[in-house]
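# Structural overview for review
Single-letter residue listing:
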Amino acid sequence: MVIVEVLPSTVLNQVGSELLAAANGRTFTKKDPATGRALCEVARSGAGDVELAVARAKAAQPAWAALTVVKRGDILRNIALLMREHRDALASLVAKETGKSQKDALGETDAAIEMGFFIAGEGRRFYGQTTTSAVPHRSAMVMRQPLGVAGLIIAANTPIANVAWKAFPALLCGNAAILKAAEDTPLSAWAFGVLARQAGVPDGVYTTLHGFGEEAGAPLVEHPDVAVVSFTGSCEVGRWIAETAGKRLAKVCLELGGKNPLIVCDDADLMNAVTWTLGSAFSNAGQRCAAGSRIIVFDAVYEKFKAMLVEAASKLKVGTGDTDDYGPVINEEQMRHMLASVARAKQSGAAVLTGGERLSGGQYGDGYFVAPTIIEHVGPNDEITRSELFGPITCLYRVQDFEEAVTLANDSPFGLTASIHTQNINRAMTFIGRIQAGVAVVNGGTYGSEPHMPFGGLRNSGNGWREAGTQALDVYSDVKTVYINHNPEKV
Ligand code: NAD
């Protein structure tokens, strides 16, 4: 039995009960974002590995689908129970591969476990619909059916949660699933696969593949036997996946980026608004699709709020410890990308109120740490307003009133989450009605991923599907309309 407490020197693919090197024998080096040093080697899969995984998945799926959904739920509950048993070890892997603190990694691991329990419970509900018919002595109903092989591709920001958000519902619905782990976070994905196996998921039903997007992810998207592709990542890759899998009419669920507005009204509890702005903008080093990156503040309280926010941000502690507020960003390329964007904004006249630079030397060494960054004097059409940075960087915008605030909030290529801070119920309700977002929050952060609640967004944030909640089952199943005719004369 593989023990997830022991870090493998090379992270292998898991195809059924076998831990396999990539068919081409290649590996890549995964670096520790907190130090910039090598952490482990990882299988660098290609089309051959995808081919093998899909063949095994296709062969195994019918028997898995033939189990009752309650039985599948029981096996998924076993995974969640094993995850709970190995909670500390799982969180340590998340902390190692992302650089976040053990405390934050534990929070994320617990959310992933909760997702397991929630979806396992859905096995006892799995509601369809019974309805009436125009024809006498005919029953009409709608039930779910699996799709076949599911290809799951995830981002690295909350790695174990990202695995759980896709693997649990995909499997519950009776699909075989192949997860292509994010190249920056192979360890938690590896451990989930190990535990799934130990929990009794049959051979071939769940596969973990490692490698880069174009080499290992693209063949999965292109494979004719993959019936549904569920993707969490950037807009650019999501669009390519929709086009590619769309050509063969495969189902595609896209959970993409955000540029999430948080409105601070003149009647807001400013301290509460500061607290939630900090959490929204900087937690997980801003590497959240729901990160609050556009803080829209009424003119009447702008200067006061700005001073409070900048002061609070200057007290944030960046590092990997449990008393730190956030850790490094995931890799050097991402860090350089976001700092270059800040530099371009400055050249165009933006004012950096705090941060704007890499933290290095001393405790930061060669890690990819970025100071909490707050920027003002940027326009609604500037690059930094319209493109996602996925880092601890947020911009302030000054507006005159509610009307201007909502208009600016909606003026975005994205539509994932949004928040308003106000004491006025009429403002709050009007905001909920008018904001164009998948998640609307009053007096809180731009958060929104409780396991039992749907999560997703409009426009470039997705393509209409929702992860989590009962709605996640709609991604991984199709409906079957059933008519049963009976004859009361023949009783
Ligand atoms: P990315 O698109 O570069 O990579 C995401 C995943 O896609 C990785 O596993 C990568 O290997 C794979 N990939 C890359 N190219 C591919 C290709 N051609 N074919 C198949 N797979 C490919 O994204 P990233 O920069 O790593 O992640 C950050 C993005 O993810 C942000 O935009 C963020 O908002 C988004 N995200 C969205 C949600 C959500 O629920 N909406 C949650 C977390 C992250």
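Preceding this paragraph is the structure being described.
The paragraphs below set out a description of the structure included in this document.

Basis of the calculations
Residues numbered from 1 in each chain as written. Predicted model: local features only at pLDDT ≥ 70, side-chain atom pairs only at ≥ 80, totals over all residues. Heavy atoms only, no water. Salt bridge = Lys/Arg side-chain N within 4 Å of Asp/Glu carboxyl O. Helix = DSSP H or I, 4+ residues; strand = E, 2+ residues; numbered from the N terminus. Buried < 20%, exposed > 50% of the residue type's maximum accessible area, 1.4 Å probe, protein only. Pairing = 2+ DSSP bridges. Axes fitted to C-alpha atoms, helices over the stretch in contact; angles between N-to-C directions. Core = buried A, V, L, I, M, F, W, Y, C linked by side-chain atoms within 4.5 Å. Contact = heavy atoms within 4.5 Å. Near = heavy atom within 4 Å. Polar contact = N/O pair within 3.5 Å; in protein donor to acceptor, adjacent residues only side chain to side chain. Areas by Shrake-Rupley, 256 points an atom, 1.4 Å probe, with all protein chains shown as cover. Nonpolar A, V, L, I, M, F, W, Y, C, P; charged D, E, K, R; others polar. Domains from an automatic or database assignment.

Attention now moves to the pattern of salt bridges. Counted under the stated rule, the structure contains 23 salt bridges. Here Lys306 and Glu303 are joined by a salt bridge, their closest N and O atoms 3.5 Å apart. Of this pair, Lys306 and Glu303 are both found in helix α10 (residues 299-314), three residues apart, which corresponds to roughly one turn of the helix. According to the relative accessible area criterion, Lys306 is buried, its value standing at 15%. Given the relative accessible area of 42%, Glu303 is considered partly exposed. Of the charged contacts in the structure, one is a salt bridge between Glu311 and Lys315, with a shortest N-O distance of 2.9 Å. Since its relative accessible area comes to 58%, Lys315 is described here as exposed.

Residue position: Leu359 is located in strand β16 (residues 358-359). Sequence spacing of Leu359 and Asn426 is 67 residues, and the spatial spacing of their C-alpha atoms is 43 Å.

Right, let's get into unusual backbone geometry. Its identity as a non-glycine residue notwithstanding, Leu249 has a phi of 60°, on the positive side. Leu249 gets classed as exposed once you look at its relative accessible area, which sits at 77%. Backbone geometry places Phe390, a non-glycine residue, at a positive phi of 60°. In this structure, Phe390 sits in the loop between α12 (383-386) and β19 (393-399).

A word on the pairing of strand β12 (residues 251-255). Walk down a regular strand and you will see the side chains alternate between the two sheet faces. Of all five residues in β12, five are buried; the element is thus mostly enclosed. Taking every second residue as pointing to the same face, both faces of β12 are buried, with Lys251, Cys253 and Glu255 on one and Val252 and Leu254 on the other.

Moving on: the sheet that holds strand β24 (residues 477-485). Across the sheet, three strands lie side by side as β6-β7-β24; this open sheet has antiparallel pairing. Every interior strand has two partners, whereas the edge strands, β6 (129-131) and β24, have only one. Strand-to-strand twist of the sheet, defined as the mean angle between neighbouring strand axes without regard to direction, takes the value 20°.

Within the largest apolar cluster, 64 residues are counted, with the highest numbers of intra-cluster contacts made by Ile79, Met83, Phe168, Phe192 and Tyr206. A per-element tally of this core places helix α5 (residues 159-172) first, with 10 residues. Apart from residues lying up to four places away in sequence, Phe168 is in contact with Leu76, Ile79, Ala80, Met83, Ala112, Met115, Gly116, Ile119 and Phe192. Grouped together as the second largest cluster of nonpolar side chains are 59 residues, Ile295, Phe298, Met338 and Phe402 included.

Our focus in this paragraph is the site of the ligand. Surveying the vicinity of the ligand reveals 26 residues, the closest of which are Lys180, Glu183, Ser234, Leu256 and Glu388. Between the ligand and Glu183 there is a distance of 2.6 Å, counted from an oxygen atom to a side-chain nitrogen or oxygen. Measuring from an oxygen atom of the ligand, one finds a backbone N or O atom of Gly233 at 3.3 Å. Within the complex, the protein chains bury 87% of what would otherwise be the 850 Å² of accessible surface of the ligand. Looking at the shell around the ligand, the element that brings in the most residues is helix α7 (residues 213-222), giving three residues. By residue class, the composition of the shell around the ligand is 14 nonpolar, eight polar and four charged. Mapped onto the domain boundaries, the shell around the ligand takes at least three residues apiece from domain 1 (10-256 + 462-480) and domain 2 (260-442).

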